[in-house]
Amino acid sequence: MIHHDRLLIIDFGSQVTQLIARRLRELNVYCEIHPFNKVDDAFLAAFAPKAVILSGGPSSVFAEGAPMPPAAVFTLGVPLLGICYGQQVMMHCLGGKVERGHGTAEFGRAYVTPAAGGLDLLEGWFDAGPEQVWMSHGDHVSAIAPGFSVYGTSPNAPFAITADPARRFYAVQFHPEVHHTPRGAQLYANFVRLAGFAGDWTMGAYREEAIRKIRAQVGDAKVICGLSGGVDSSVAAVLIHEAIGDQLTCVFVDHGLLREGEAAQVVTMFRDHYNMPLIHADESALFLDALDGVSDPEVKRKTIGRLFIDVFQKHATAVGGAKFLAQGTLYPDVIESVSFSGGPSVTIKSHHNVGGLPEKMGLQLVEPLRELFKDEVRALGRELGLPASFIGRHPFPGPGLAIRCPGEITREKLAILRKADAVFIDQIRKHGLYDEIWQAFVAILPVRTVGVMGDGRTYDFACALRAVTSVDGMTADYYPFTHDFLGETATRIINEVPGINRCTYDITSKPPGTIEWE
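Residues numbered from 1 in each chain as written. Predicted model: local features only at pLDDT ≥ 70, side-chain atom pairs only at ≥ 80, totals over all residues. Heavy atoms only, no water.

What to know about the overall build of the chain
Then, number 1: In terms of regular secondary structure, the chain is built from 14 helices and 20 strands.
Then, number 2: Seen through its C-alpha atoms, the chain measures out along the principal axes to roughly 75 × 60 × 40 Å.
Then, number 3: Considering the chain as a whole, with its 518 residues, one finds that 56% of them fall into the buried category.
Then, number 4: Long-range contacts, defined here as pairs at least 24 residues apart, represent 76% of the contacts in the chain between residues at least 6 apart.
Then, number 5: For the chain, the accessible area works out to roughly 21,700 Å², and carbon and sulfur atoms hold 52% of it.
Then, number 6: With 46 positive and 58 negative side-chain charges, the chain shows a separation of 2 Å between the mean positions of the two kinds. (Helix = DSSP H or I, 4+ residues; strand = E, 2+ residues; numbered from the N terminus. Buried < 20%, exposed > 50% of the residue type's maximum accessible area, 1.4 Å probe, protein only. Contact = heavy atoms within 4.5 Å. Areas by Shrake-Rupley, 256 points an atom, 1.4 Å probe, with all protein chains shown as cover. Lys, Arg positive; Asp, Glu negative; His and termini not counted. Charge placed at Lys NZ, Arg CZ, Asp CG, Glu CD.)

So, the packing of aromatic side chains
Then, number 1: Going through the model one piece at a time under the given rule, you end up with 16 aromatic pairs.
Then, number 2: With 6.4 Å between their ring centres and 80° between their planes, Tyr478 and Tyr505 make a pair best called edge-to-face. Of the two residues, Tyr478 is situated in strand β19 (residues 477–478) and Tyr505 in strand β20 (residues 500–505); the sequence distance between them amounts to 27 residues.
Then, number 3: The class for Tyr505 is buried, based on a relative accessible area of 18%.
Then, number 4: Among the aromatic residues, those joined into a cluster by ring pairs are Phe424, Tyr478, Tyr479, Phe481, Phe485 and Tyr505.
Then, number 5: The ring of Phe47 carries the charged tip of Arg6 above its face, separated from the ring centre by 4.1 Å. (Phe/Tyr/Trp six-rings, centres within 6.5 Å; stacked < 30°, edge-to-face > 60°. Lys NZ or Arg CZ within 6 Å of the ring centre and 35° of its normal.)

Side note on helix α6 (residues 231–244)
Then, number 1: Here α6 is 14 residues long and its end C-alpha atoms lie 20 Å apart, about the 20 Å a rise of 1.5 Å per residue gives.
Then, number 2: Summarising burial for α6: 13 of the 14 residues are buried, a large majority.
Then, number 3: The first or second residue beyond α6 is Gly245, which carries a positive phi of 60°. (Expected span 1.5 Å × (residues − 1).)

Section: the packing of helix α5 (residues 203–218) against helix α11 (residues 374–384)
Then, number 1: Put simply, α5 and α11 touch, their axes get as near as 9 Å, and they point 80° apart. In terms of their interaxial angle, α5 and α11 are classed as roughly perpendicular. Together, Met203, Gly204, Tyr206 and Arg207 of α5 and Glu376, Ala379, Leu380, Glu383 and Leu384 of α11 make up the contact between the two elements.
Then, number 2: Looking at the contact of α5 with α11, its residues break down into 5 nonpolar, 1 polar and 3 charged. (Axes fitted to C-alpha atoms, helices over the stretch in contact; angles between N-to-C directions. Parallel < 35°, antiparallel > 145°, perpendicular 65-115°, else oblique. Nonpolar A, V, L, I, M, F, W, Y, C, P; charged D, E, K, R; others polar.)

Regarding the environment of Ala322
Then, number 1: Relative to the assigned elements, Ala322 resides in strand β15 (residues 322–326).
Then, number 2: Taking C-alpha positions, Ala322 is 8.8 Å from Gln247, a pair spaced 75 residues apart along the chain.
Then, number 3: When residues no more than four places from it in sequence are discounted, the contact partners of Ala322 are Lys222, Ile224, Ala316 and Leu363.

Comments concerning the pairing of strand β12 (residues 222–227)
Then, number 1: Extensive coverage of β12 is indicated by the burial of 5 of its 6 residues.
Then, number 2: Sheet topology note: the β12/β15 ladder contains 4 bridges and is parallel. The residue of β15 that forms the bridge with Cys225 is Ala326.
Then, number 3: Both β12 and strand β13 (residues 248–254) contribute to a ladder of 5 bridges, which runs parallel. Note that in β13 the partner of Ile224 across the bridge is Thr249.
Then, number 4: Between the parallel elements β12 and β13, the chain passes through α6 in a crossover that is right-handed. (Pairing = 2+ DSSP bridges. Right-handed = clockwise from strand over helix to strand, strands pointing away.)

So, the sheet that holds strand β14 (residues 278–282)
Then, number 1: The strand order across the open sheet built from 5 strands is β14-β13-β12-β15-β16, with neighbouring strands paired in parallel fashion. Lying at the two open borders of the sheet, with one neighbouring strand each, are β14 and β16 (364–366). In this sheet, adjacent strand axes meet at a mean angle of 30° when their direction is disregarded.
Then, number 2: Running at roughly 160° to β12, α6 makes contact with β12, β13, β15 and β16 of the sheet.

Regarding the packing of helix α8 (residues 284–291) against helix α9 (residues 297–319)
Then, number 1: The geometry of α8 relative to α9 is characterised by a closest axis approach of 10 Å and an angle of 150° between their N-to-C directions. Considering the angle they form, α8 stands roughly antiparallel to α9. For α8 against α9, the interelement crossing comes out right-handed. Listed contacts from α9 to Leu286, Phe287, Ala290 and Leu291 of α8 are Lys300, Thr303, Ile304, Leu307, Phe308 and Val311. (Left-handed = near helix turned anticlockwise from the far one by under 90°.)

Concerning the nonpolar core
For soluble globular proteins, the rule of thumb is that nonpolar side chains tend to be buried together.
Then, number 1: Of all hydrophobic cores here, the largest spans 93 residues; its most connected members are Val235, Phe270, Leu369, Leu380, Phe424, Ile428 and Phe481.
Then, number 2: The biggest single contributor to this core is α6, with 9 residues.
Then, number 3: In this structure, Ala21, Leu24, Ala51 and Ala195 belong to the second largest nonpolar core, which totals 40 residues. (Core = buried A, V, L, I, M, F, W, Y, C linked by side-chain atoms within 4.5 Å.)

Topic: the pairing of β14
Then, number 1: With 5 bridges connecting them, β13 and β14 associate as parallel partners. By the bridge assignment for β14, Val253 is matched with Ala281.
Then, number 2: One crossover worth recording links β13 to the parallel β14 by way of helix α7 (residues 262–273), and it is right-handed.

Notes on the confidence of the model for the chain
Then, number 1: Summarising the model, the chain shows a mean pLDDT of 87, and 92% of its residues fall at 70 or more.
Then, number 2: Scored below 50 in pLDDT, residues 339–356 makes 31 contacts in the model with residues more than four places away or belonging to other chains. (pLDDT = per-residue confidence, 0-100.)

A look at the environment of Ala316
Then, number 1: Looking at where Ala316 falls in the secondary structure, it is placed in helix α9.
Then, number 2: Here the alpha-carbon distance between Ala316 and Lys419, two residues 103 residues apart in the chain, equals 34 Å.

Considering the pattern of salt bridges
Then, number 1: Inspection of every chain in the model, using the stated rule, returns 26 salt bridges.
Then, number 2: Note that Lys97 is salt-bridged to Glu99, the shortest N-O span being 3.7 Å.
Then, number 3: Residue Lys97 is classed as partly exposed on the basis of its relative accessible area of 45%.
Then, number 4: Linking Arg259 and Glu262 is a salt bridge whose minimum nitrogen-to-oxygen distance equals 2.8 Å. Of the two residues, Arg259 and Glu262, both sit in the buried class.
Then, number 5: Through salt bridges with shared partners, one network takes in Arg22, Arg23, Glu26 and Asp375. (Salt bridge = Lys/Arg side-chain N within 4 Å of Asp/Glu carboxyl O.)

Quick look at α5
Then, number 1: Spanning 16 residues, α5 covers 22 Å between terminal C-alpha atoms, matching the ideal 22 Å at 1.5 Å per step.
Then, number 2: Its buried side turned inward, α5 meets β12, α6, β15, β16 and α11.
Then, number 3: Directly after α5, the chain includes Gly219, whose backbone phi takes a positive value near 65°.

Here you go:
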């Protein structure tokens, strides 16, 4: 078993903590995020991190019950990096001083200038003058802890970069993980280098380890895999099949909410290209009948999730003796399901494959991708030899077209939506834009509008085109199509798709919107 050095990220509730992990994974460093209230002395001893990062967070060190790291984190003898709230908590715990805002708050772009030289964390910084960074803090450090020195300042953060090099303790008031700190990746590269990481977290190594883990977990038992046709479940299926061969049976549930021609594409690829045991469960009538008259988006998702479980249970019984259900759960799903404070967290939308299985099902979960981010799953897919055209597919939600059909779902609206979506994607490919876009789709709106076609009046549906750019789906912005492209696409949809007489383009970013409409 290969042992990877591990970096621990203690999460204090920042909205961008996942980005820290992404930056480290990009450096081939294995890391895990754990909420502060789950990290105690025993956890630290068992995890044995080679370095620790304290994340940002929304709290104030003055607040009653303010989140704090365990005292043992300062005596591990490993490099420690505090970011924003993580800096403040370090100073607070180690003998420095933190004060409330009083005119020193900073939110947004700022510029840090060097206050001293020779800090290994800052190698490559300040070569061309002040460094742009992203600040987001109300409280501020007003006195640094004993042993620390100042290495960088900004107009409202006189202790923007501090360090105690002898103990390899480093603290910054800004967020180096976000895009708005252009050279933040260099800072992380310096940190993991001085911590002595080998940078051996690769997809080749992960593939070998995952196969060993799957074999150890499953033994000679049978596994069924919920295959949606998306990248995540497909990579999981190919990986598990490589580990246990025909002990795996894939169940592809056609819930009647797929895109045009999708079922045939998925079945052909897995049966013919990978020669996997595959059950094509055409359950469209079951799902669409259950969704008849349902308009609430959460009810839609929960209905689809419940029926997925029912279908899996039915086919697990048909397979005979299956003891495991495989899913393509990713690391962001795992992280987001844990509230950093231990209290209730807001549900933006439910995911049909997150949260485990009902006890009545009697199956254990196999989730070989639960340590990976989306881009890592694509890298693993390439490592496994999946076709590039498949690996590069835009994400497609588990509930399918149900959440691109606001309001009540009907078979008529789904047929219209499929045709419109196919035209939109064809346009994007035709113009060579597919790989520039994170996700693109059409939503059919729950309204009809008056139009004129030929010499007649029409009263048909309106649709919204949606295309976004993103790195990881956590934030997104609309793709800036030209007006010529949008005009050409709208003309094609209205001419080629009976039932639509009006097209709009959604230019909402995430946040405040979500990528999908429901």
